[in-house]
Amino acid sequence: MLEIRSLRKVYGGHGRQVEALGDVTLTVPEGQFVCVVGPSGCGKTTLLRCLGGLLAPTSGEVEVAGQPVTGPPDGLAIVFQEYGRSLFPWLRVAENIELPLKSKGVGRAERRRIVDESLTAVGLGDAAKAYPWQLSGGMQQRVAIARAIAFQPKVLLMDEPFAAVDAQTRADLEDLARTVWQRFGMTVLFVTHDIDEAVYLGQRVVMLSASPTRVLEDLDIDLPDKRDQLATRSGTRFAELRSHVYSRIQEAKIARPGS
Amino acid sequence: MSRALGRAGLLLGLPVILLVTWWFASAGSKSFYQPPLETIIKVFPATWTAARFRSDVLPSLGRLFLGYGLAVLLGIVLGVLIGAHRRLRALVEPLLEFLRAIPPPVLVPILILVAGLGDPTKVLVIVSGGIWPVLLNTVEGVRGVDQVLADTCRTYRICGWLRMRTFILRAASPQIVVGARQALSISIIMMVIGELLGATNGLGYTVVQFQRGFEIPEMWSGVFVLGLLGVLLSLAFTLVERRVLSWYHGVRAAERSGR
Ligand SMILES: Nc1ncnc2c1ncn2[C@@H]1O[C@H](COP(=O)(O)OP(=O)(O)OP(=O)(O)O)[C@@H](O)[C@H]1O
Ligand SMILES: [Mg+2]
């Protein structure tokens, strides 16, 4: 479903060259939930923007559903890291969710039905008429997720979506992300810098090195499909996987002198 | 209710004090050029009759609305074009700065030379003064649209006119409104200036006629009407602004309360 081959991205300009992605190769089969972890500033957002067709790679290839990415691919939705800035503050919650459907040409009655359904799916059934700035951070991120679901994407990219919310909300939203994925069966690429979160959520965890970024390791998470904040996180297998990922990322940091 | 009264009191307080002061200071004045306020008010009903409204106030208002409307419309259209295209902006920005630095009244003789003394010229005079604040503010507003929202539009394929009206224009609207407000007061000034030079009717023309005919109290009453017009239009503008920018004030309030 997602094919990334030798992806490299160098940002230029302002007299400073930043190699955000060194050489990243990654394949995600259809319907899989993959987490990408990496230290802050290693190019996770850059990777997502290349996948989403928002940014042209310096070299390498990116394919979504067999099609080379040249602009935003069909059936791909993104939940952005900056949730506060990704909702239109002049539109009500329902209108925010509806907007992509309008541009798709979905009829009014059908739009209303989808909006209701996706708001219910994220547990915000009664916030349809509110403005985003009247909601808490966690609720805003739910709206962003509802908008992505309503778009009915084949691929959902999420960029550290829960980094800025409190711990309790975060746990709820993590479970929401799993539920949505199981219910709608899309391919999910979930970026985070939180190792626990990555292991808890993913069927697979892809570890990125610090820049120039490569894939450090691609790890299958052999936890049962049914996950639970308490039971899963306190299990021994979870602890093993977690410390494995942790030590790999630490190693990578030490291996790089001067970082 | 009492709060509304309080606000009305604040709004009217200073004008009332000034008028009362004027009334007593000018009472019994023998000066030909500074008649008592009482005299000015006495001539008011006889001067500003329904016939005069039709013959002078309405034509002025017509030209003002047409000129102001065109200034705002052209300012927004050109501003969006220039703001959205970096190359074009680099090309025309020095020119715009130059044109803006010319005091608009200076253009009036030139416009009269080129376009004659008719009504179109008077509208053009208003446009030539009012367009700059709208244009320059729109350029800034469009240039400053949020990158995350722009990416959101691309991802969800919100494009064309839908993008223009739900994203670009709305995002730039706080700045456009600032420009439009400046343009309103400039337009009133330009309306009067246009009518001082070779007009056959209008508010500015009437005031000058009174002055030439040494009808000094009537002249003062005309100045009053102009002032009143400015206040009423500014109030109307505020009402429109409240509607258009209610989301913006909401966002600002939410930010201040620290979310
Ligand atoms: N538009 C840009 N121009 C220049 N450099 C950039 C640009 N965007 C990102 N970078 C640089 O590229 C590197 C990777 O940035 P990126 O935002 O992809 O990292 P990230 O892994 O998402 O970080 P975080 O965890 O903080 O979100 C950083 O060093 C950053 O400074
Ligand atoms: Mg990022």
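What you are looking at is a predicted structure, and each value in this text was computed from that prediction instead of being measured. (Residues numbered from 1 in each chain as written. Chains lettered and ligands numbered in written order. Predicted model: local features only at pLDDT ≥ 70, side-chain atom pairs only at ≥ 80, totals over all residues. Heavy atoms only, no water.)

Colleague: What is the right way to read the overall build of chain B from this model?
Modeller: Helix and strand counts for chain B come out as 11 helices and 0 strands. When the helices and strands of chain B are placed in sequence order, the string is α-α-α-α-α-α-α-α-α-α-α. Oriented by its inertia axes, the alpha-carbon framework of chain B measures out at about 75 × 55 × 30 Å. By the burial criterion, 41% of the 259 residues in chain B qualify as buried. Considering only intrachain contacts with a sequence separation of at least 6, the fraction spanning at least 24 residues in chain B is 76%. As displayed, chain B offers around 14600 Å² of accessible surface, 70% of which is attributable to carbon and sulfur atoms. Side chains of chain B give 25 positive and 13 negative charges; the mean places of these two sets differ by 8 Å. (Helix = DSSP H or I, 4+ residues; strand = E, 2+ residues; numbered from the N terminus. Buried < 20%, exposed > 50% of the residue type's maximum accessible area, 1.4 Å probe, protein only. Contact = heavy atoms within 4.5 Å. Areas by Shrake-Rupley, 256 points an atom, 1.4 Å probe, with all protein chains shown as cover. Lys, Arg positive; Asp, Glu negative; His and termini not counted. Charge placed at Lys NZ, Arg CZ, Asp CG, Glu CD.)

Colleague: Explain the interface of chain B and chain A to me, please; I cannot follow it from the model alone.
Modeller: How big an interface is tends to be expressed through the accessible area that disappears when the partners come together. Taken residue by residue, the interface counts 23 residues in chain B and 28 residues in chain A. Between chain B and chain A, the buried area comes to about 2400 Å², and carbon and sulfur atoms account for 63% of it. When the buried area of chain B at its contact with chain A is split by residue, Thr155(B), Tyr156(B) and Arg157(B) rank highest and sum to 28% of it. If you look at where chain B meets chain A, you find 3 salt bridges. As a salt-bridge pair, Arg85(A) and Asp146(B) come within 2.8 Å of each other at their nearest N and O atoms. Here chain B is connected to chain A by 10 residue pairs in polar contact (both at pLDDT 80 or more). The element contributing the most residues to the side of chain B that touches chain A is helix α7 (residues 147-155) of chain B, with 8 residues. For the side of chain B that touches chain A, the per-class residue count stands at 11 nonpolar, 6 polar and 6 charged. (Buried area = accessible area lost by both parts, 1.4 Å probe. Salt bridge = Lys/Arg side-chain N within 4 Å of Asp/Glu carboxyl O. Polar contact = N/O pair within 3.5 Å; in protein donor to acceptor, adjacent residues only side chain to side chain. Nonpolar A, V, L, I, M, F, W, Y, C, P; charged D, E, K, R; others polar.)

Colleague: Got a minute to help me understand a positive patch on the surface in this structure?
Modeller: A surface patch of positive charge is lined by Arg92(A), Lys102(A), Arg108(A), Arg112(A), Lys129(A) and Arg165(B). If you trace the backbone, Lys102(A) turns up in helix α3 (residues 93-104). (Patch = residues over 30% accessible without salt bridge, like charges linked within 9 Å, V, L, I, M, F, W, Y side chains within 5 Å.)

Colleague: How do you make sense of the packing of helix α3 (residues 50-84) of chain B against helix α6 (residues 119-143) of chain B when you look at a structure like this?
Modeller: It is at 6 Å that the axes of α3(B) and α6(B) come closest, and there the two elements cross at 35°. α3(B) and α6(B) meet at a crossing whose hand is right-handed. (Axes fitted to C-alpha atoms, helices over the stretch in contact; angles between N-to-C directions. Left-handed = near helix turned anticlockwise from the far one by under 90°.)

Colleague: Whenever I open this one, the domain arrangement of chain A confuses me. Can you help?
Modeller: All names here are of chain A. Here the domain parsing of chain A yields domain 1 (2-75 + 153-254) and domain 2 (87-152). Spacing between the C-alpha centres of domain 1 and domain 2 amounts to 25 Å. Listed per partner, the contact involves 14 residues of domain 1 and 12 residues of domain 2. Summing both partners gives a buried area of about 1100 Å² for domain 1 against domain 2, and 75% of it is carried by carbon and sulfur. One can count 0 salt bridges joining domain 1 with domain 2. Within the side of domain 1 that touches domain 2, the residues separate by chemical class into 10 nonpolar, 1 polar and 3 charged. (Domains from an automatic or database assignment.)

Colleague: Just to check I follow, could you spell out the pairing of strand β3 (residues 33-37) of chain A for this structure?
Modeller: Remember that side chains alternate between the two faces of the sheet whenever the strand is regular. Residue and element names in this part refer to chain A. When you tally the buried positions in β3, you get 5 out of 5 residues, the bulk of the element. Burial along β3 is two-sided: Phe33, Cys35 and Val37 facing one way and Val34 and Val36 facing the other are all buried. The pairing of β3 with strand β8 (residues 187-192) spans 5 bridges and is parallel. Residue pairing for β8: phenylalanine 33 is matched across the bridge by valine 188. Where β3 meets strand β9 (residues 204-208), 4 bridges bridge the pair, whose relative direction is parallel. In the sheet register, cysteine 35 faces β9, and the bridge partner there is valine 205. (Pairing = 2+ DSSP bridges.)

Colleague: When you look at the pattern of salt bridges in this model, what are you seeing that I'm missing?
Modeller: If charged atoms from side chains of opposite charge come close, those side chains can pair. Applying the stated criterion to the full structure yields 30 salt bridges over all chains. Between Arg63(B) and Asp119(B) there is a salt bridge, with the nearest N and O atoms lying 2.8 Å from each other. Placement of the pair is Arg63(B) in helix α3 and Asp119(B) in helix α6, with a sequence separation of 56 residues. Overall, Arg63(B) belongs to the buried group, its relative accessible area being 5%. Sharing partners across several salt bridges, the network here consists of Arg170(A), Glu174(A), Asp194(A), Asp196(A), Glu197(A), Arg233(A) and Arg242(A).

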